[in-house]
Amino acid sequence: MAFDLLIRNGTLVDGSGMPRFRADVGVKQGQITEIGRIRSPADEIIDAEGLIVAPGFIDGHTHMDAQVAWDRAGTCSCWHGVTSVVMGNCGFALAPCKPEAREWFAECLEAVEDIPKEAMVAGIDWRWETFPEYLAAVESFPKAINYAAYIGHSALRMYAMGDRALDQEADEDDLKIMANLVQEALRAGAMGLSSSRATTHIRPDGGPVASRIANWAEIAHLVHAMAELNAGIFQVGPDVSGGEAQRVCLDELGKIAISSRRPLMLGVLSTRQGEQPNPLEYQFEWMDRVAAEGGRVFGQATTRSINALFSLKSYLPFDALPAWSDIRGLAVDEQQARFGDPETRARLVAAEAGMQPRGTEFQGGGAATTNPRKPDYANLFPMFDVHWDDPSIADIARSSNRNPVEVMLDLMTENEDLLFVQPLVNETPQEVRRMLESPRSLATFSDSGAHVCQEMGSSLQTHLLSYWVRDQQAFTLEEAVRMLTFENAAAWNMHDRGLLRTGYAADLVIFDEATVQPCLPTVHHDLPGGARRLVQKADGITATVVNGAVTLRNGNPTGAHPGQLIRSKTATI
């Protein structure tokens, strides 16, 4: 038998968690057709001697709904071994959407997820209205990775209720329309329904997004509409603001999960923000209680802190201050020159001194970059490397007897590409490790495609392999690969992905376990219309294969676009 692709001499970590073994992998017509010692010829051969061959990584929490229309490669996820993503999380989606509402949808995505409106206007050929039409469009786009999608609650509400969705509860007619649209989406292949109760999810006018206006009866009604088809996952961005509000939110979500028997997915977060934040253990105890009563619940975990990122070329915490804004519009080299001027520097330091201190309100990435509050310099770190061990600005200021603002000015003058990291949630490695070790958590919370110049979670996979496996030895490579592949494939019922098995889709990543790691992020103006974003590539990945075709070699796209739309098993299309 001649193969389309043959991967020889590799060490297979097959996604099951079993120990690694040496074998060849033969691929034909997009599937793995043989594993073992293969002597047959092939049209293309990859020598994987000394390298790991693993299933392609699966990322279940992304916001690539707009990006899929213009980014054929699927960056930044593709650079980190990801071959399949789920988008439409937290109720934010581009369908269903009436033509007259397109601009407003784009403005909401910009406000909540920091996806520039100018990029969406320039980059999207918006030729759909209904959710099935959106999936058909995604299926038609040339793409180098696989995509699955939720129907979003905020989009659904706006489509069914118009402007009433922003300040009114749904009536019986509204509920009937929305339930029918959810079932239509499931039959078209939607992974389920997503929603949000997060207080950081706000509209451009400062009001809550449409899903947050819904009462719990509405949410239960829509989830039970999925239950009528015995299909669909309910994903939600929970209220994590702390105290009683978080407990009420989780209690209501638990009731829905138990009564509907539909899988519930939500982010698990550890934070010191908000009013009397509940401990991380509270969330895991709650998941145990829900499971004991018949519900299925999955926590979505990051592999490092969720951060706001600042830099000379993007945002700084001081941008809203007049003394700073006068300078921040200048060219980078001119800003650096001004930073070195003693009189200008004194004005900048004095302006920062007048900033209000942080309050107790819970902040997300967007709030952290737009709310002009004094930074907590003990929780602000220059990103000298990717190993999570940099000193804080407060540490550097103390050791050098300088003002923290002067430290930042000096660092930016020395390196125009330097990023500053402000952890917002999951602040310490110890907290993140507890999440990843929980049997109820999935390593899958990247937010890839969102917060494009504020955060950078797309490196979740290579960070797990480099920091937690190689540096900290908290997990074996076999355990980590299982977390990124089979566990996520099983949670989203991707029945032919996540393992190296004959008959499975040939989604593969070939990498060097000794060198794989994220690169430092940099700011690029490569979005449609020239909008800026953070770009983070990776070292140590030799090749990525999607549906049997090599899509990247040493991080460089090959031009192949074998990606598919992954429809749920409910699909009748």
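Note that the structure is a prediction, hence the values are computed from the model and not measured.

Describing the overall build of the protein chain
When its secondary structure is counted, the protein chain shows 19 helices and 29 strands. Taken over C-alpha atoms, the radius of gyration comes to 24 Å for the protein chain, in line with the 25 Å a tight globule of 573 residues would show. In terms of principal-axis extent, the alpha carbons of the protein chain reach across some 75 × 60 × 45 Å. Taken over 573 residues, the protein chain has a buried fraction of 61%. In the protein chain, once contacts between residues fewer than 6 apart in sequence are set aside, the share between residues at least 24 apart is 74%. Carbon and sulfur atoms form 48% of the exposed surface of the protein chain, whose accessible area is close to 21,100 Å². Computed over 50 positive and 75 negative side-chain charges, the separation of the two mean positions in the protein chain equals 4 Å.

What to know about the packing of helix α16 (residues 429-437) against helix α17 (residues 460-471)
In the contact formed by α16 and α17, the axes pass within 13 Å of each other and the chain directions differ by 105°. The orientation of α16 relative to α17 falls into the category roughly perpendicular. Side by side, α16 and α17 meet where Pro429, Val432, Arg433 and Leu436 of the first sit next to Leu464, Tyr467 and Trp468 of the second. Tallied by class, the residues present in the contact of α16 with α17 amount to six nonpolar, no polar and one charged.

Looking at the packing of aromatic side chains
Aromatic ring pairs are reported here in terms of the distance separating the ring centres and the angle at which the planes meet. Considering all chains together, one arrives at 10 aromatic pairs under this definition. Ring geometry for Trp104 and Phe105: centres 6.3 Å apart, planes at 65°, overall edge-to-face. Since its relative accessible area comes to 7%, Phe105 is described here as buried. One aromatic cluster in this structure is built from Trp126, Trp128, Phe131 and Tyr134. The ring of Trp216 is capped by Arg197, whose NZ or CZ atom sits 4.6 Å from the centre of that ring. The aromatic ring of Trp388 is capped on one face by Arg304, whose charged end is 4.9 Å from the ring centroid.

Focus on the sheet that holds strand β14 (residues 297-301)
Taken in spatial order, the six strands of this open sheet run β10-β11-β12-β13-β14-β20, and their pairing is parallel. Lying at the two open borders of the sheet, with one neighbouring strand each, are β10 (151-152) and β20 (441-443). Direction of pairing for β10 relative to strand β11 (residues 192-196): parallel, over a ladder of two bridges. Its bridge partner lying in β11, Ile151 is registered against Leu193. Packed onto the sheet, helix α8 (residues 243-260) meets β12 (233-237) and β13 (264-267) and runs at close to 160° relative to β13.

A few points about the side chain of Arg262
Inspection of the secondary structure assignment puts Arg262 in the loop between α8 and β13. Of the side chains bearing the opposite charge, Glu228 lies closest to the buried Arg262, which forms no salt bridge; the N-O distance is 12 Å. Here the side chain of Arg262 touches Asn230 through a polar contact of 3.2 Å, side chain to side chain. Looking at Arg262, its side chain comes within polar contact range of the main-chain oxygen of Ala231, at 3.2 Å. Contacts of Arg262, omitting those with residues within four sequence positions, involve Val223, Met226, Ala227, Asn230, Ala231, Gly232, Ala257 and Arg296.

Here's the deal with the sheet that holds strand β9 (residues 146-149)
Here three strands make up an open sheet; going across it, the order is β6-β8-β9 and the pairing parallel. Unpaired on one side and paired on the other, β6 (57-59) and β9 mark the two borders of the sheet. Adjacent strand axes in the sheet meet at a mean angle of 15°, parallel and antiparallel pairs treated alike. Bridge count between β6 and strand β8 (residues 82-87): three bridges; the pairing is parallel. Paired with Ile58 across the two strands is Ser84, which belongs to β8.

Quick word on the nonpolar core
Within the largest apolar cluster, 150 residues are counted, with the highest numbers of intra-cluster contacts made by Tyr134, Trp324 and Phe511. The element best represented in this core is helix α5 (residues 172-188), accounting for eight residues. Those residues in contact with Trp324, other than ones at most four positions away along the chain, are Leu316, Phe318, Phe339, Leu348, Ala351, Val405 and Leu409. Within the second largest apolar cluster, 18 residues are counted, among which are Ile7, Ala23, Ile46 and Leu500.

Quick notes on the rules
- Residues numbered from 1 in each chain as written.
- Predicted model: local features only at pLDDT ≥ 70, side-chain atom pairs only at ≥ 80, totals over all residues.
- Heavy atoms only, no water.
- Helix = DSSP H or I, 4+ residues; strand = E, 2+ residues; numbered from the N terminus.
- Rg over C-alpha atoms; globule rule 2.2 N^0.38 Å.
- Buried < 20%, exposed > 50% of the residue type's maximum accessible area, 1.4 Å probe, protein only.
- Contact = heavy atoms within 4.5 Å.
- Areas by Shrake-Rupley, 256 points an atom, 1.4 Å probe, with all protein chains shown as cover.
- Lys, Arg positive; Asp, Glu negative; His and termini not counted.
- Charge placed at Lys NZ, Arg CZ, Asp CG, Glu CD.
- Axes fitted to C-alpha atoms, helices over the stretch in contact; angles between N-to-C directions.
- Parallel < 35°, antiparallel > 145°, perpendicular 65-115°, else oblique.
- Nonpolar A, V, L, I, M, F, W, Y, C, P; charged D, E, K, R; others polar.
- Phe/Tyr/Trp six-rings, centres within 6.5 Å; stacked < 30°, edge-to-face > 60°.
- Lys NZ or Arg CZ within 6 Å of the ring centre and 35° of its normal.
- Pairing = 2+ DSSP bridges.
- Salt bridge = Lys/Arg side-chain N within 4 Å of Asp/Glu carboxyl O.
- Polar contact = N/O pair within 3.5 Å; in protein donor to acceptor, adjacent residues only side chain to side chain.
- Core = buried A, V, L, I, M, F, W, Y, C linked by side-chain atoms within 4.5 Å.

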